[in-house]
Amino acid sequence: MDANALLIRTRTKCNATLLEGTAVKFIATATIGYDHIDADYCKSKEITWVNVPGCNSASVQQYITAALVTLAFNNDYTLSEKTLGIVGVGNVGSKVQKAAAILGMKVKLNDPPRERKEGSSGFVSLDEILETCDIITIHVPLNQTGPDKTQHLFDSELFGKMKNGTWLINSSRGEVVETNALKTALSSGKLSGAVLDVWENEPEIDLELLSRAYISTPHIAGYSIDGKAKGTSQVVQALSAFFLLPLHDFYPLALPEPSAPEIVIDGAGKSSFQIIHQAVLHTYPIMEDHILLQRSPATFEQQRGQYPVRREFPSYTIRLLHGQPEAIELLLKLGFKVKTK
């Protein structure tokens, strides 16, 4: 390999097998996670690498919001009655915390690294999350060793501590949850269901687990075009800084508009939740991705590679007719533009 730099995503494993004997001196991954980069090897070879934390956090927030409103709507419960446990409260988890609060949920936070730095105020133990939360969403990096090891963090022991009927959402890394333990928790009724965007052994995912997932998607939670643009810009700017190139202000040209950027919602007789549900799923109809993966798991990588344009909430204007002030306020807080005439 004659390249001096690699610009990658998670599917490129940057280790000795790929890099030994090459001219590579710089690697930038347009992703939050970086477990696909052998940091020790890169250090030994003086290869600089960077990731782009936070680039797709709003995209994952949109995904989790769509999942939460779908679960509530399909199972006839009110989100304000539920407690959401967030495991991992970094760039993504913090955005999810904000969305959950807007939706009226009670929220509990678990993040041992942050708690050690900031103090215990505002954080709870993982056991408290397991024992008290109705829905648990995971937003941790994949750490294979160390005091904050997350590989198979959710194993049979942890599932045993969960209160019965919990919902689990994982959009972090598949290896954070032990597959067989999750299947047992689902089949035993310990879990009401699971929303899974990530899987062990991608793209060769466990078909039995796939069949049991309430919502299943092919690792695309962070795949909004906005998130990709932010990641691309940060990667190119890092490349520019390393090689002293004149690209320090780089940002992709105009992004494609959504097919229907204005949403007309007649709020007469509708609750604020029903209005939010309609608006959110217009921007991202999450069950369409679920159905496609259920029908064709063998095309997991193709579904990722050919993922359609998805824009985030600020790209949409809600024309709300007969809407209550509460609904308008919630839409604005989620990032939508709102017109009432």
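(A) Just the nonpolar core, in detail. Judged by nonpolar contacts, the single largest core of 48 residues is most densely connected at Leu68 and Phe336. Contributing elements (two or more residues each) for this core: helix H3 (57-75), strand E4 (83-87), helix H4 (91-102), strand E7 (166-170), strand E10 (262-266), helix H11 (272-283), strand E11 (317-321) and helix H14 (325-334). Setting aside residues up to four positions removed in sequence, Leu68 forms contacts with Leu79, Leu84, Leu103, Met105, Ile135 and Ile169. Among the nonpolar cores identified, the runner-up in size contains 31 residues, and Val124, Leu126, Leu130 and Leu142 belong to it.

(B) Region of the structure containing the pairing of E11. Bridging between E10 and E11 involves five bridges; their strand directions are parallel. Within E11, the residue paired with Val264 across the bridge is Arg319. Strand direction decides the pairing type here: E11 and strand E12 (residues 337-339), joined by three bridges, are parallel. Within E12, the position partnered with Ile318 by the bridge is Val338. Each parallel crossover has a hand, and the one from E11 via H14 to E12 is right-handed.

(C) View of H14. Within the sequence span of H14, burial applies to Ala327, Leu330, Leu331 and Leu334. Down the axis, H14 shows its buried residues gathered within 100° of arc, on one side only. On its buried side, H14 packs onto H4, H11, E11 and E12. The first or second residue beyond H14 is Gly335, which carries a positive phi of 115°.

(D) Broad picture of the side chain of Thr10. Examined against the element boundaries, Thr10 turns out to sit in the loop between strand E1 (5-8) and helix H1 (16-19). Ignoring anything within four residues of it in the chain, the contact list for Thr10 reads Thr31, His36, Arg173 and Arg304.

(E) How the structure looks around the sheet that holds strand E6 (residues 135-138). Spatially, six strands are ordered E5-E4-E6-E7-E8-E9 in an open sheet, and the strand pairing comes out parallel. The open sheet has two free edges, formed respectively by strand E5 (106-110) and strand E9 (215-216), since each of these has just one partner strand. One ladder, built from four bridges, connects E4 with E6; its direction is parallel. Paired with Leu84 across the two strands is Ile135, which belongs to E6.

(F) View of a nonpolar patch on the surface. There is a patch of nonpolar side chains on the surface, built from Phe242, Phe243, Leu245 and Leu247 and spanning about 290 Å² of accessible area. Looking at the secondary structure, you find Leu247 in the loop between helix H10 (225-243) and E10. Residue classification places Leu247 among the partly exposed positions, given a relative accessible area of 32%.

(G) Representation of the sheet that holds E1 within the structure. Spatial ordering of the open sheet is given by E1-E2-E3, a layout of three strands whose pairing is parallel. Of all the strands in the sheet, just E1 and strand E3 (48-50) have a single pairing partner and so form its edges. Going from strand to strand, the sheet's axes swing by 10° on average, the running direction of each strand aside. With four bridges joining them, E1 and strand E2 (residues 26-29) adopt parallel strand pairing. In the strand pairing of E2, Leu7 is matched with Ala28. Strand contacts of H10: E1, E2 and E3, with the helix running at about 165° to E2, the strand carrying the most contacts.

(H) Quick peek at the packing of H3 against H4. Contact geometry of H3 with H4 gives a least axis separation of 8 Å together with a crossing angle of 45°. What the angle tells us is that H3 and H4 run oblique. Once H3 is placed against H4, the crossing between them reads as right-handed. Of the residues in H4, those touching H3 at Ser57, Ala58, Val60, Gln61, Ile64 and Thr65 are Asn91, Val92, Lys95, Val96, Lys98 and Ala99. A class-by-class count of the residues in the contact of H3 with H4 yields six nonpolar, four polar and two charged.

(I) Region of interest: the side chain of Ser272. Relative to the helices and strands, Ser272 is located in helix H11. Excluding anything up to four places from it in sequence, Ser272 contacts Glu326, Ala327 and Leu330.

(J) Region of the structure containing the pairing of E7. Among the five residues that make up E7, five are buried, leaving the element largely enclosed by the rest of the structure. Every second residue of E7 is oriented toward a common face, with Thr166, Leu168 and Asn170 on one face and Trp167 and Ile169 on the other, all of them buried. As paired strands, E6 and E7 are joined by four bridges and run parallel to one another. Each bridged residue has a counterpart across the sheet, and for Ile135 the counterpart in E7 is Trp167. Read as a crossover between parallel neighbours, the route from E6 over helix H7 (residues 156-161) to E7 is right-handed. Here five bridges tie E7 to strand E8 (residues 191-196), and the two strands are oriented parallel to one another. Looking at E8, one finds that Trp167 is bridged to Gly193. In this region the chain leaves E7, passes through helix H8 (residues 179-188) and returns to the parallel neighbour E8; the handedness of that crossover is right-handed.

So, how was this worked out
Residues numbered from 1 in each chain as written. Predicted model: local features only at pLDDT ≥ 70, side-chain atom pairs only at ≥ 80, totals over all residues. Heavy atoms only, no water. Core = buried A, V, L, I, M, F, W, Y, C linked by side-chain atoms within 4.5 Å. Buried < 20%, exposed > 50% of the residue type's maximum accessible area, 1.4 Å probe, protein only. Helix = DSSP H or I, 4+ residues; strand = E, 2+ residues; numbered from the N terminus. Contact = heavy atoms within 4.5 Å. Pairing = 2+ DSSP bridges. Right-handed = clockwise from strand over helix to strand, strands pointing away. Arc of directions from axis to C-beta. Patch = residues over 30% accessible without salt bridge, like charges linked within 9 Å, V, L, I, M, F, W, Y side chains within 5 Å. Areas by Shrake-Rupley, 256 points an atom, 1.4 Å probe, with all protein chains shown as cover. Salt bridge = Lys/Arg side-chain N within 4 Å of Asp/Glu carboxyl O. Axes fitted to C-alpha atoms, helices over the stretch in contact; angles between N-to-C directions. Parallel < 35°, antiparallel > 145°, perpendicular 65-115°, else oblique. Left-handed = near helix turned anticlockwise from the far one by under 90°. Nonpolar A, V, L, I, M, F, W, Y, C, P; charged D, E, K, R; others polar.

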